[in-house]
Amino acid sequence: MFTLTDDERAICDTARDFAAEHLAPHAVEWDQSKHFPVDVLRKAASLGMGGIYIREDVGGSELTRVDAARIFEQLAKGCPSIAAYISIHNMVTWMIDRFGTEEQRHAFVPGLCSMDQLGSYCLTEPGAGSDAAALSTRAVRDGDDFVLNGVKQFISGAGTSDVYVVMARTGEGGPRGISAFIVPKGAPGLSFGPNEVKMGWNAQPTRQVIFEDVRVPAANLLGAEGGGFRIAMAGLNGGRLNIAACSVGGAQTALDRAVAYLADRKAFGASLLDSQALQFQLADMRTELEAARTLLWRAAAALEEGAPDVVELCAMAKRFATDTGFEVANRALQLHGGYGYLAEYGIEKIVRDLRVHQILEGSNEIMRVVIARSVVAGAGHGKPGHGKPGHGKQGAA
């Protein structure tokens, strides 16, 4: 896992070079103008990044989850916001590839892999964030169709995306009454709220998705009726790792820039980089990022192998990497002094972008709930999976 093969190194180099050429030079401008660079996304897809761990027969790259973690880290070095959207798009594409029928796979996945069509994930609602099993958007069977009504909140790509994987209630309360649907953008009755004004992630749109008697064919049911919550949670295991990788990548850029700044800056007649107090800060930042990266790769390998503790490991990696990423970026801003607060240095943008990673794909408080359940179950006080589901997604996706 820790010694890359030539092929693995080439994959990382491709993602790094793409980020350096196509993302990093424009990241601050896109943030300030709230520009969503769809043309650049399609360039990424031409290199296989629209379907990183999707099967090859529908246009995917069929790489491993560890490959994906490395790719998203490299992309986030250029722009965490765009890297995070590509992560969400891959999660949506994987859900259709993994749980869809052959007809659904061949109808939707090739266009998603090429990013000729973009994908959005619709789970969170205005009144259902962390407790995702409490969602109220409803889908009612009417002949050969389902009719959807409700509102989804914090949906990345909404309004621009072409394909929406939507969780809606088809049955009883709780997780067993939830089903998943593939909803195309042009469906009558589907509309979108205004682009949210956000602290970060400004290079991708975030809107409500509104369903008013939206009629979709029953053939667009993804998986079995009542199986939507399981599909949603399976998708989030990978989504949590991808967003963790985006935190590591963004923070690594912030650290690298801090080192370069301290090497150039002098105070009291000496280079700041010669200060042992500042060297100790850099040492801690480097150590914490490497620990986050190691745990991330460990969890990604577990997801690839279908390990029994995969949910716990994905939650650990997400919690640790996103907390660490934000703290490292924030300290990098501090090391820049007043210059870190200026937009042109790009550090404050990284801090703003990484802050939301501690909230979305399941807030870090919910990650602690997931981990604690495993700890308690291991002590003989219960069994994993018992109790009310609380590890749902909160935040933009």
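Since the model is a prediction, treat every value here as computed from it, not as a measurement. (Residues numbered from 1 in each chain as written. Predicted model: local features only at pLDDT ≥ 70, side-chain atom pairs only at ≥ 80, totals over all residues. Heavy atoms only, no water.)

Colleague: Quick rundown of the UniProt feature "domain: Acyl-CoA oxidase/dehydrogenase middle" (unreviewed entry) in the chain? Include the residues and the values.
Modeller: Following the UniProt record, one finds the feature "domain: Acyl-CoA oxidase/dehydrogenase middle" (unreviewed entry) at residues 121–214. Counting secondary structure, residues 121–214 comes out at 0% helix and 48% strand; the distance between its end C-alpha atoms is 17 Å. (UniProt positions renumbered as here; feature names shortened; annotations may be inferred. Helix = DSSP H or I, 4+ residues; strand = E, 2+ residues; numbered from the N terminus.)

Colleague: Run through the domain arrangement of the chain, naming residues and quoting values.
Modeller: Looking at the assigned domains, one finds that the chain contains domain 1 (6–118), domain 2 (120–224) and domain 3 (229–378). In this structure, domain 1 and domain 3 have C-alpha centres spaced 20 Å apart. With 26 residues of domain 1 at the contact, the number on the domain 3 side is 32 residues. Approximately 2300 Å² of surface area, both sides summed, lies buried where domain 1 meets domain 3, with 67% of it carried by carbon and sulfur atoms. Applying the counting criterion to the domain 1 and domain 3 interface returns 2 salt bridges. The partner of Arg 352 in a salt bridge is Asp 31, with the nearest N and O atoms 2.8 Å apart. For the interface between domain 1 and domain 3, the tally reads 5 residue pairs in polar contact (both at pLDDT 80 or more). Of all elements in the fold, only helix 2 (27–33), helix 4 (65–78) and helix 5 (80–99) reach the threshold of two or more residues within the side of domain 1 that touches domain 3. A per-element tally of the side of domain 1 that touches domain 3 places helix 5 first, with 10 residues. When its residues are assigned to classes, the side of domain 1 that touches domain 3 shows 17 nonpolar, 4 polar and 5 charged. (Domains from an automatic or database assignment. Contact = heavy atoms within 4.5 Å. Buried area = accessible area lost by both parts, 1.4 Å probe. Salt bridge = Lys/Arg side-chain N within 4 Å of Asp/Glu carboxyl O. Polar contact = N/O pair within 3.5 Å; in protein donor to acceptor, adjacent residues only side chain to side chain. Nonpolar A, V, L, I, M, F, W, Y, C, P; charged D, E, K, R; others polar.)

Colleague: Please set out the packing of aromatic side chains residue by residue, giving values where relevant.
Modeller: Evaluated as defined, the whole model comprises 7 aromatic pairs. For the ring pair Phe 2 and Trp 297, a centre distance of 6.0 Å and an interplane angle of 20° mean the geometry is stacked. Here Phe 2 is found in the segment before helix 1 (6–23), whereas its partner Trp 297 is found in helix 8 (residues 276–305), with 295 residues between them in sequence. Here the aromatic residues Tyr 261, Tyr 339 and Tyr 345 are joined through ring pairs into a cluster of three or more. Its end group placed over the ring of Tyr 53, Arg 65 keeps NZ or CZ at 3.8 Å from the ring centre. The lysine or arginine in question, Arg 98, covers the ring of Phe 99, its NZ or CZ lying 4.7 Å from the ring centre. (Phe/Tyr/Trp six-rings, centres within 6.5 Å; stacked < 30°, edge-to-face > 60°. Lys NZ or Arg CZ within 6 Å of the ring centre and 35° of its normal.)

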